[in-house]
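# Structural overview
Here are the chains, one letter per residue:
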Amino acid sequence: VQLQASGGGLVQAGGSLRLSCAASGRTISRYGMGWFRQAPGKEREFVAAINRSGGSTYYSDSVKGRFTISRDNAKNTVYLQMNSLKPEDTAVYYCAADRNWYNPRDDYDYWGQGTEVTVSS
C-alpha cells in the first residue's frame, strides 16, 4: 500500500489543521493506521492510531483531547484533525499502515512521505 500525506502548513497557536492520508494500491480497510511526527532534532513519536473499522482509537498523552483520528474506508483515506495547536506540535507528520497491527503505537510496515506542520507562537 502507498500512502500520501497532505494538509500540513503554517498556523498560529490555537489554530486548527486537518491532515489527510490517501492510500493507493490496497484498500486500507485491511490495515490499522497511525499518525506519527518528528520534530527537528528529535526522534519520531507516536501521535494517534485507529483500528480497521474505526471503532477504536489511541492517542499520545500530548495530543489527547486536541487531536482526532478518523478514517473513511470508502475513500481509502485517514484523517488527523488537529485543534488547539501549540508551537510544540511543530513537526513533520507521517501516516503509517500495518496489516497485523499488534502494537498500535509502534511496528508499522508502510509509511507515507510526511507533511510539515509549523505552529507559530
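This structure is a prediction, so every number in the text was calculated from the model and none was measured. (Residues numbered from 1 in each chain as written. Predicted model: local features only at pLDDT ≥ 70, side-chain atom pairs only at ≥ 80, totals over all residues. Heavy atoms only, no water.)

Here the focus is the overall build of the protein chain. Looking only at helices and strands, one finds 0 helices and 11 strands in the protein chain. Moving toward the C terminus, one meets the helices and strands of the protein chain in the order β-β-β-β-β-β-β-β-β-β-β. Taking 14 Å as the expected radius of gyration for a compact globule of 121 residues, we find that the protein chain reaches 13 Å, a close match to that expectation. With respect to the three principal axes, the spread of C-alpha positions in the protein chain is 40 × 25 × 25 Å. When the 121 residues of the protein chain are sorted by exposure, 45% land in the buried category. (Helix = DSSP H or I, 4+ residues; strand = E, 2+ residues; numbered from the N terminus. Rg over C-alpha atoms; globule rule 2.2 N^0.38 Å. Buried < 20%, exposed > 50% of the residue type's maximum accessible area, 1.4 Å probe, protein only.)

On to the state of the cysteines, then. Under the definition given, this model contains 1 disulfide. Residue Cys21 pairs covalently with Cys95 via a disulfide, S to S 2.1 Å. Residues Cys21 and Cys95 are joined by a disulfide whose S-S torsion is about 65 degrees; by sign, that bridge is right-handed. With Cys21 in strand E3 (residues 17–24) and Cys95 in strand E9 (residues 91–98), this residue pair connects regions lying 74 residues apart in the sequence. Residues Cys21 and Cys95 agree in their burial class; the two are buried. (Disulfide = S-S within 2.5 Å.)

Attention now goes to the pairing of E9. Taking burial as the measure, the 8 residues of E9 include 7 buried ones, the bulk of the element. One ladder, built from 7 bridges, connects strand E4 (residues 32–38) with E9; its direction is antiparallel. Bridging from a neighbouring strand, Trp35 pairs with Cys95 of E9. Where E9 lies against strand E11 (residues 115–120), 3 bridges are found, and the strand directions are antiparallel. Paired with Val92 across the strands is Glu116, a residue of E11. (Pairing = 2+ DSSP bridges.)

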